[in-house]
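If you want the building blocks of each chain, they are given just below.
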Amino acid sequence: MPTPDTANRLPRVVDRAAWQAELDKLLAREKAHTREGDAIAAARRRLPMTEVDPRIPLVGADGEVPLLEVFEGRTQLLAYLHMWHDGKPAAQQCEGCTFFTGHALELSYLHSRGVTYATFCQGPYSESARYRDFMDWRMPWYSARSCAEKLLSGRHFGGYVCYLRDGDRVFETYWTTGRGTEAGATSYHLLDLTVYGRQETWEDSPDGWPQRFVPDGDMFRTDGRPTAQWSRLAAGRPDDLGG
């Protein structure tokens, strides 16, 4: 793991009153940003929706499952579309999807609002479920390998998709990818609060700020593996996917 770098440049030092004055200016911008986010969310809630086949077959622990049953009786479904590299060992699986999927830990708050969270993986169930177990993820896990064309309609894995159920009918209400997936990345949001930020090369930071990570997947890896895998290996979990 990276070691602390004491050679990094530091922000200028001022007295508390001057610091508070600068912080207050920033807080005014943050409030405007929050209100704009609220307005965008309001527009998102007013989007139309498109109907999808509720019988689209996914594969879960007990075999084939229609999309309708993935709702688990709730009204809404939020799914992360997890990319998969066929035949590759755990160390070479998608570092970005590992990062985003790993943040989905406490699902009770989603459930309390009628939302089921699930992972739809691009890979075959038996192999990808072993990866889920190695990572100790607990969310419902399905393979969308056989139904990807029908489910994605020409789009790709690596994003979120939202569905709404009305009786036995299913509708897609929203889809996002790219930086839209940061909605689930609490680590990124917390890093944005810190003085050095994400430490990625694209960020607008002062000269001398650490920018160790290139946004090409490197930012999600440590010593050749998705960063989150190291603690699982240290805990003695086998990473053999049997591929």
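What you are looking at is a predicted structure, and each value in this text was computed from that prediction instead of being measured.

Caption draft 1: Representation of the overall build of the protein chain within the structure. Secondary structure assignment for the protein chain yields 8 helices and 10 strands. Its C-alpha atoms give the protein chain principal-axis dimensions of roughly 65 × 45 × 30 Å. The proportion of buried residues among the 243 residues of the protein chain is 38%. In the protein chain, the share of contacts with a sequence separation of at least 24, taken over all contacts with a separation of at least 6, comes to 62%. Total accessible area computed for the protein chain in this model is approximately 14400 Å², and 53% of it derives from carbon and sulfur atoms. Across the protein chain, the mean location of the 29 positive side-chain charges is 4 Å away from that of the 34 negative side-chain charges.

Caption draft 2: Spotlight on the environment of arginine 179. With respect to the helices and strands, arginine 179 occurs in the loop between strand E8 (169-177) and helix H7 (186-191). Linking arginine 179 and leucine 110, residues 69 residues apart in sequence, is a C-alpha distance of 21 Å. If we ignore the near neighbours within four places in the chain, the residues touching arginine 179 are Arg198 and Trp202. At 2.9 Å, the side chain of arginine 179 and the side chain of glutamate 182 are in polar contact.

Caption draft 3: Focus on the pairing of strand E7 (residues 159-166). Across 6 bridges, the pairing between strand E4 (residues 76-82) and E7 is antiparallel. Bridge pairing links leucine 78 to cysteine 162 in E7. Looking at chain direction, E7 and E8 are connected through 8 bridges and run antiparallel. The residue bridging tyrosine 163 from the neighbouring strand is glutamate 172, located in E8.

Caption draft 4: Seen up close, unusual backbone geometry. Even without being glycine, serine 153 reaches a positive phi, approximately 50°. Look at serine 153 and you get exposed, because its relative accessible area is 58%. One non-glycine residue with positive phi stands out, namely glutamine 199, at about 60°. Mapped onto the secondary structure, glutamine 199 falls in the loop between H7 and strand E9 (221-222). Of the residues examined, glutamine 199 reaches a relative accessible area of 17% and is grouped as buried.

Caption draft 5: Structural view of the packing of aromatic side chains. Throughout the structure, instances matching the rule amount to 13 aromatic pairs. Aromatic side chains tyrosine 196 and tryptophan 209 sit 5.5 Å apart centroid to centroid with 75° between the ring planes, which places their arrangement in the edge-to-face category. Placement of the pair is tyrosine 196 in the loop between H7 and E9 and tryptophan 209 in the loop between H7 and E9, with a sequence separation of 13 residues. Its relative accessible area of 18% is what places tyrosine 196 among the buried residues. Note on tryptophan 209: relative accessible area 13%, which makes it buried. One aromatic cluster is present, built from ring pairs that chain together Tyr80, Phe99, Phe100, Tyr160, Tyr188 and Phe220. The positively charged end of arginine 44 is found above the aromatic ring belonging to tyrosine 174, 4.8 Å away from the centroid. In this structure, arginine 198 packs its charged tip against the face of tyrosine 188, placed 4.0 Å from the ring centre.

Caption draft 6: How the structure looks around the environment of phenylalanine 213. As for its position among the elements, phenylalanine 213 is in the loop between H7 and E9. Expressed as a C-alpha distance, the spacing of phenylalanine 213 and tryptophan 202, which sit 11 residues apart in the sequence, is 9.1 Å.

Caption draft 7: Representation of helix H1 (residues 16-45) in the model. The end-to-end C-alpha separation of H1 is 42 Å, in line with the 44 Å expected for 30 residues at 1.5 Å each. The opening residue of H1, the one whose side-chain oxygen lies 3.3 Å from the backbone nitrogen of alanine 17, is aspartate 15.

Calculation notes
- Residues numbered from 1 in each chain as written.
- Predicted model: local features only at pLDDT ≥ 70, side-chain atom pairs only at ≥ 80, totals over all residues.
- Heavy atoms only, no water.
- Helix = DSSP H or I, 4+ residues; strand = E, 2+ residues; numbered from the N terminus.
- Buried < 20%, exposed > 50% of the residue type's maximum accessible area, 1.4 Å probe, protein only.
- Contact = heavy atoms within 4.5 Å.
- Areas by Shrake-Rupley, 256 points an atom, 1.4 Å probe, with all protein chains shown as cover.
- Lys, Arg positive; Asp, Glu negative; His and termini not counted.
- Charge placed at Lys NZ, Arg CZ, Asp CG, Glu CD.
- Polar contact = N/O pair within 3.5 Å; in protein donor to acceptor, adjacent residues only side chain to side chain.
- Pairing = 2+ DSSP bridges.
- Phe/Tyr/Trp six-rings, centres within 6.5 Å; stacked < 30°, edge-to-face > 60°.
- Lys NZ or Arg CZ within 6 Å of the ring centre and 35° of its normal.
- Expected span 1.5 Å × (residues − 1).

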